[in-house]
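Fold and geometry: a report
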Amino acid sequence: MSNVVATRVLVVDPSAPDLRIIAEAAAVIEAGGLVAFPTETVYGLGANALDERAVARIFRAKGRPATDPIIAHIADLRQLDMLARDIPPVARVLAQRFWPGPLTLVVWRRPIVPANLSAGRATVAVRMPAHPVALALIAAAGVPIAAPSANRFSRPSPTTAAHVLDDLAGCIDLVLDGGPTLVGIESSVVDLTTDPPRLLRPGGVTVAALRDLLPELIVEPRYLSVGDEAAPAPGMLLRHYAPDAPLIVVAGEREAALARIRSEVLMALDAGKQVGMLAFDEDVAELADLPVRIVALGSAANPGQVAQRLFAALREIERIGVDLILVRDPGREGLRLAVRDRLVRAAEGRVINAE
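Keep in mind that what you see is a predicted model, and the values were worked out from it rather than measured.

Basis of the calculations
Residues numbered from 1 in each chain as written. Predicted model: local features only at pLDDT ≥ 70, side-chain atom pairs only at ≥ 80, totals over all residues. Heavy atoms only, no water. Pairing = 2+ DSSP bridges. Helix = DSSP H or I, 4+ residues; strand = E, 2+ residues; numbered from the N terminus. Axes fitted to C-alpha atoms, helices over the stretch in contact; angles between N-to-C directions. Contact = heavy atoms within 4.5 Å. Buried < 20%, exposed > 50% of the residue type's maximum accessible area, 1.4 Å probe, protein only. Phe/Tyr/Trp six-rings, centres within 6.5 Å; stacked < 30°, edge-to-face > 60°. Lys NZ or Arg CZ within 6 Å of the ring centre and 35° of its normal. Parallel < 35°, antiparallel > 145°, perpendicular 65-115°, else oblique. Left-handed = near helix turned anticlockwise from the far one by under 90°. Nonpolar A, V, L, I, M, F, W, Y, C, P; charged D, E, K, R; others polar. 1 Å grid on protein atoms, 1.4 Å probe; cavity = no way out; pocket = protein on both sides within 12 Å on 5 of 7 lines; lining within 4 Å. Points joined across faces, edges and corners; volume = space filled by probe spheres on them.

Inspection of the sheet shows strand β10 (residues 188-191) paired to strand β11 (residues 198-201) by 3 bridges, in the antiparallel sense. By the bridge assignment, V190 is partnered in β11 with L199. Hairpin connection of β10 to β11: 6 residues between the antiparallel strands. Of the strand pairs in this sheet, β11 and strand β12 (residues 218-219) are connected by 2 bridges, and their pairing is parallel. By the bridge assignment for β12, R198 is matched with I218.

Okay, structure coming up:
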């Protein structure tokens, strides 16, 4: 296929997907093509997970390094057995509780799974998405669908079809536009090939919810560089979700953090920089006197709202055209841990403590 394709867009009702549209998208998957589609977390860039060449097309379209594995999405538990071997009993317990939903399990892969899907590792990352369009597409295609986020590598993840087109128009075959996603950040990733299990990426299922079933769970987000060893799961690179302008996360108690943000803004303005801020609703009034561009993240008291808004806000502040972006650390409790993880990676690790 040519490197440039005519990307088609088909609008699909997420509450009642048109099976004719789903069949058309499934035919693209079956032919080795690429289809962007909505999940409950972000839009995924889908290809036949069992087709090595189709999976390679994902890496090329995104500019994704071969060391960054891709999640295989399934529509029923029989497909888990197709992909994985020596599945521990706890995997089925977790699946019963959290699938369909924003949880990815890393398990041992079968030979049927192409090595490039898993960055050459002996494992495979699997999840069952909780979105009618995604489930209908996987079922119609008749194969697990490999699907990282449908964006250029290291960019903020897409939560609308427009975000997908901003990054990948002309590089992929089809976009299923099912409206904005609901969760807004990617799945939690748990590695079940280690004892005890490890949380490799915080996401839409909280640590507390996971520890109800995995009391020994080790929380171990890692920050890898491109060129390091093959990652055990996606979303572990230090530079990820990054806007064009450098971003700084300011940690500490709220009042101290806001004071440090004000100081950083004034220094940047003195240096002639245009400054942007991602601000929680509760902070906007205290920062409104500063000559900066503010994009609201939602209420700090509602981390679900912040998570849903986060990637769209990163893209919005990037479009404004600033030289520096500042944001207050959201904390680590519950879903805030996943939001913080995305911000730290978007900042390439630039976190300063206000204390």
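Here 5 strands make up an open sheet; going across it, the order is β15-β14-β16-β13-β17 and the pairing parallel. Looking at the sheet topology across the chains shown, the edges are occupied by β15 (293-298) and β17 (351-353). Here the average twist between neighbouring strands, direction ignored, is 25 degrees. Where strand β14 (residues 275-280) and β15 come together, 5 bridges link them in parallel fashion. Looking across to β15, one finds that M277 is bridged to I294. Seen against the sheet, helix α8 (residues 254-270) touches β13 (247-251), β14, β16 (324-328) and β17 and runs at an angle of roughly 170 degrees to β16. Relative to the sheet, helix α10 (residues 303-320) contacts β13, β14, β15 and β16, its axis offset from that of β15 by approximately 165 degrees.

Summarising burial for strand β6 (residues 103-109): 6 of the 7 residues are buried, a large majority. The pairing of strand β5 (residues 84-85) with β6 spans 2 bridges and is classified as antiparallel. In the strand pairing of β6, R85 is matched with W108. Across 4 bridges, β6 lies against strand β7 (residues 123-127) in antiparallel orientation. Along β7, the bridge assignment pairs L105 with V126.

Applying the stated criterion to the full structure yields 1 aromatic pair. Cation over ring: R97 sits above F98, and NZ or CZ is 5.8 Å from the ring centre.

Another aspect to go through is the packing of α10 against helix α11 (residues 336-346). Closest axis-to-axis distance for the α10/α11 pair is 9 Å, and the angle between their directions is 20 degrees. As judged from the angle between their axes, α10 and α11 are roughly parallel. For α10 against α11, the interelement crossing comes out left-handed. Residues P303, V306, A307, L310, F311 and L314 of α10 touch α11, and the partners they reach there are R336, V339, R342, L343 and A346. Its residues assigned to classes, the contact of α10 with α11 shows 9 nonpolar, no polar and 2 charged.

With that settled, consider empty space enclosed by the protein. Scanning the entire structure with this criterion turns up 4 cavities of 30 Å³ or more. Its boundaries defined by the atoms lining it, the largest cavity holds a volume of some 210 Å³. Taken together, 22 residues line the largest cavity, and the ones lying closest to its centre are A147, P148, S149, E186 and R201. Those elements that place two or more of their residues in the lining of the largest cavity are β3 (43-48) and β4 (71-73). Tallied by class, the residues present in the lining of the largest cavity amount to 9 nonpolar, 9 polar and 4 charged.

The subject of this paragraph is the packing of helix α1 (residues 19-30) against helix α5 (residues 132-141). Where α1 contacts α5, the two axes come as close as 8 Å, and the packing angle between them is 55 degrees. The angle between the axes of α1 and α5 places the two elements in the oblique class. Seen from above, α1 lies across α5 with right-handed handedness. In contact with I22, A25, A26, I29 and E30 of α1, α5 contributes V133, A136, L137, A140 and A141. Each residue belonging to the contact of α1 with α5 can be placed in one class, and the counts come to 9 nonpolar, no polar and 1 charged.

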